[in-house]
Structures are given as structure tokens and as C-alpha cells.
Amino acid sequence: MIELIANKKSGKGNGAKALTAVTAYLDERAVDYAAHVTNAKGHAEALARELSATGSTVVALGGDGTFHEVLNGIDFDKSRLGLIPAGRGNDFAIGTGAASLDPIKAIASIIDGVPRDLDYIRIADRRCINVAGTGLDVEVLLKTAESKNKLTYTASLFRCLLRYKPYRVTVELNGERSDYDCIMVGVCNGTQIGGGIKLSPQSVADDGMLELMIIEKPKGKPTLLVMPEFVKGKHVGKPYSRKTVCERVKIKTPAPVQLDGEIYYGLDFDARVEKGGLKTFAITDK
């Protein structure tokens, strides 16, 4: 039995189109399924919690925000999670190769049922599938959400940089504490955010490790001038960028935290990898 949790509003209509294609495919093959359309924030998480209790395969159809909700509701002791990307950026699927961007190929792989176990990030009592961060990315997300003309993440990024000021964060890693004046801090399972910004291009979602990316204020030049490098993933190894591979890291910050693009206030940013915790399906050639 496939329990399909779909966000029809994701990706400026991509969700609705993908749902139509997927249900037609399942109907043609007489696959036993039920489709559940989300109608509010938190609905996908509640559905995942309820439906995974039956032991059915739970399939999330939508963007990374939908994946985030379903990830937080599903019981992996009873169910596997199928992913059908239908958002605007689809950063997790593109950055990790976790699912085909073609909804028919994605559902076909789920039906084939070849298991694949990936990692996810646990932050306090929440799960994160792609990237958890604080700093500029949070401000950009807030600015994007407030924009009346729906600015893209990249456009919002450059606008925010015109007035953004770094702030002090404390990083606790391997028993040591370090302070940084940061533009952004990201704990990464996937490679990219914001519809293709390659924050952590060397991340691998099934290596049992996380990449801690710290972007500091560049010395001797405006931050805006290094953003093209950052967007293309060419910041790694530069003086203003620090990368550390780790299993756990704690970050103290005065700012909100984003998990998969969802904003959290007052969340204890204590992140650790859940090795192989994301029970999903391999992409097959059908």
C-alpha cells in the first residue's frame, strides 16, 4: 500500500502536475494507493505520523519543505519514505541524487522497492533532510517570504547583503569552543540550498558524516564581491570559508535557525548525524 502525501501548491503548480501524473501512472498499473493532499502547515507531518503507523510506504510529493514535514512525522521502524520532488528548487534531490526529478521515474523507483538508506540531521527533537543553518540564509528566507513579487532566493541573497552585518556565534566541536563573526553557518547533509547555491559541494548523504560550513566576513573586500564564488560552490578553501567534517556540532546563536528552509525560533542548535536513518528507495532505470 502506498500512502501519497502531496502538496499541490509546491513549485508554483509543479505539485499539482506531478500528482496528476503519478496518480494516473498508479491507476494504469492497478497499484493500491491513497492520495492525501495537504491543506496547511504541519498537515504533512501529521499525515505521515498517522499513515506510517500502518506500515504502508509513505511517499512525499512536493518540495524540500514537504519532505521536511514528512520526515518529521514518519516512523522509520514501520515505514519507508519515497520522495517525488515537485518544488521550485528541489535542492535535496538534485544535490544528493536521492530521487529522480521526473515524477514518473520517481514513483516507478518507489514501486520497484529497492531499499536505500541515507543519513539525516537531528537538531534537538527535529529532523532535517538537507541543510540546517543560521545567519544570512535565515534572513534571505524571511525576505523571500515577505516579497510581494516573489523574489528568488538568489535575488534576495544579493539584496540582503547590501545591509547585512555579521554576528558572533559560538561553535562547540570535538570538545572545543570557538567564536566566529559569521555571515552564515550551515550543517550540511546535502550539497545545496536556495535553488542551486552550492553551500557544501562535497557533502555526501550516505557517508555517516556532516559538513560544517562557516562563512565569515571576508577581510579587505565587501562580502557582496565574494558571493558569486559562494553561489557556485567555489568558496571552499578560501580564507573566509571554513569546512569541517563531523558527526555532531553545537552552535550558539542569537538568530533563528532554518531546517530545510523552515524557520525555527528558540531551537537548540545541537546537530548530529543519524547514520542511515532515512529509509528510502534507490533510483532504478525504469
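This text goes with the structure placed above it.
What you are looking at is a predicted structure, and each value in this text was computed from that prediction instead of being measured.

## So, the overall build of the protein chain
Stage number 1. The helix and strand inventory of the protein chain stands at eight helices and 15 strands.
Stage number 2. Here the C-alpha radius of gyration of the protein chain, 19 Å, is about what a compact globule of 286 residues would show, namely 19 Å.
Stage number 3. Overall, the protein chain is about 65 × 45 × 35 Å in size when its C-alpha atoms are taken along their principal axes.
Stage number 4. Burial analysis of the protein chain (286 residues in total) assigns 54% to the buried set.
Stage number 5. Taking contacts inside the protein chain between residues at least 6 apart in sequence as the whole, the part at least 24 apart equals 71%.

## Section: the packing of helix 2 (residues 43-52) against helix 3 (residues 64-73)
Stage number 1. Where helix 2 meets helix 3, the axes come as close as 7 Å, and the angle between the chain directions of the two elements is 40°. Helix 2 and helix 3 meet at a crossing whose hand is right-handed. Contacts from His43, Ala44, Glu45, Ala48, Arg49 and Ser52 in helix 2 reach Glu69, Val70, Asn72 and Gly73 in helix 3.
Stage number 2. Classifying every residue of the contact of helix 2 with helix 3 gives three nonpolar, four polar and three charged.

## Digging into the environment of Lys252
Stage number 1. As for its placement among the helices and strands, Lys252 is situated in strand 12 (residues 248-252).
Stage number 2. For Lys252, a relative accessible area of 40% corresponds to the partly exposed category.
Stage number 3. In the structure, Lys252 is positioned 43 residues away from Met209 in sequence and 21 Å away in space, judged by C-alpha atoms.
Stage number 4. Excluding its chain neighbours within four sequence positions, the residues that come into contact with Lys252 are Val169, Thr170, Glu172 and Arg177.

## Digging into the side chain of Ser56
Stage number 1. With respect to the secondary-structure elements, Ser56 resides in the loop between helix 2 and strand 3 (57-62).
Stage number 2. Leaving out residues up to four positions away in the same chain, Ser56 has contacts with Met1, Glu3, Leu51 and Ser79.

## Quick notes on empty space enclosed by the protein
Stage number 1. Applying the stated criterion across every chain, the model contains one cavity of 30 Å³ or more.
Stage number 2. Each pocket or cavity is described by its volume, and for the largest cavity that value is around 70 Å³.
Stage number 3. Tallied by class, the residues present in the lining of the largest cavity amount to nine nonpolar, four polar and no charged.

## Concerning the pattern of salt bridges
Stage number 1. In the structure shown here, the tally under the stated rule is 16 salt bridges.
Stage number 2. Taking the shortest distance from any N to any O, the salt bridge between Lys41 and Glu262 comes out at 2.6 Å. One end of the pair, Lys41, is in the loop between strand 2 (33-37) and helix 2; the other, Glu262, is in strand 14 (residues 262-264), and 221 residues separate them in sequence.
Stage number 3. Taking relative accessible area as the criterion, Lys41 reaches 68% and is therefore assigned exposed.
Stage number 4. Across the salt bridge formed by Arg272 and Glu274, the nearest N and O atoms sit 3.6 Å from each other.

## Some words on the sheet that holds strand 2
Stage number 1. Read from one edge to the other, the open sheet built from four strands follows the order 2-1-3-4, with strand pairing classed as parallel. Of all the strands in the sheet, the pair left with one neighbour each is strand 2 and strand 4 (81-85). Ignoring strand direction, the axes of neighbouring strands in this sheet form an average angle of 20°.
Stage number 2. Running at roughly 165° to strand 1 (residues 2-6), helix 1 (residues 14-28) makes contact with strand 1, strand 2, strand 3 and strand 4 of the sheet.
Stage number 3. Relative to strand 4, helix 5 (residues 103-112) is tilted by about 170°, and along the sheet it contacts strand 1, strand 3 and strand 4.

Parameters and conventions
All residue numbers here refer to positions counted from 1 along the written sequence of the relevant chain. Totals for whole chains, interfaces and linings use every residue, but because this is a predicted model, local features are given only for residues with pLDDT of at least 70 and side-chain atom pairs only at 80 or more, for both listing and counting. Hydrogens and water are ignored here; the side-chain numbers use all heavy atoms of the structure. Put simply, DSSP H or I for four residues or longer makes a helix, DSSP E for two residues or longer makes a strand, and each gets a number counted from the N terminus. Each radius of gyration reported is based on C-alpha atoms, and the globular scaling rule is 2.2 Å times the count of residues to the power 0.38. Buried residues are those whose accessible area, probed at 1.4 Å on protein chains only, stays under 20% of the maximum for their type, while exposed residues exceed 50% and partly exposed ones sit between those limits. Contacts are residue-level and defined by heavy atoms, with any inter-residue pair within 4.5 Å sufficient. Axes, fitted as lines to C-alpha atoms, cover a helix only where it is in contact. Angles between the N-to-C directions of the axes lie from 0 to 180 degrees. The handedness criterion is simple: a crossing whose near helix is rotated anticlockwise from the far helix by less than a right angle is left-handed, and one whose near helix is rotated clockwise is right-handed. Lys, Arg, Asp and Glu make up the charged group, whereas Ala, Val, Leu, Ile, Met, Phe, Trp, Tyr, Cys and Pro make up the nonpolar group; the residues left over, Gly among them, are polar. Both cavities and pockets are sets of points on a 1 Å grid over the protein atoms alone; in a cavity a 1.4 Å probe fits but cannot get out, in a pocket the set is open with protein on both sides within 12 Å along at least five of seven lines, and lining residues sit with an atom within 4 Å of a point. Grid points are joined across faces, edges and corners, and a volume is the space filled by probe spheres set on the points. Should a side-chain nitrogen of Lys or Arg be within 4 Å of a carboxyl oxygen of Asp or Glu, the pair is scored as a salt bridge. By definition, two strands form a pair when at least two bridges between them are found by DSSP.

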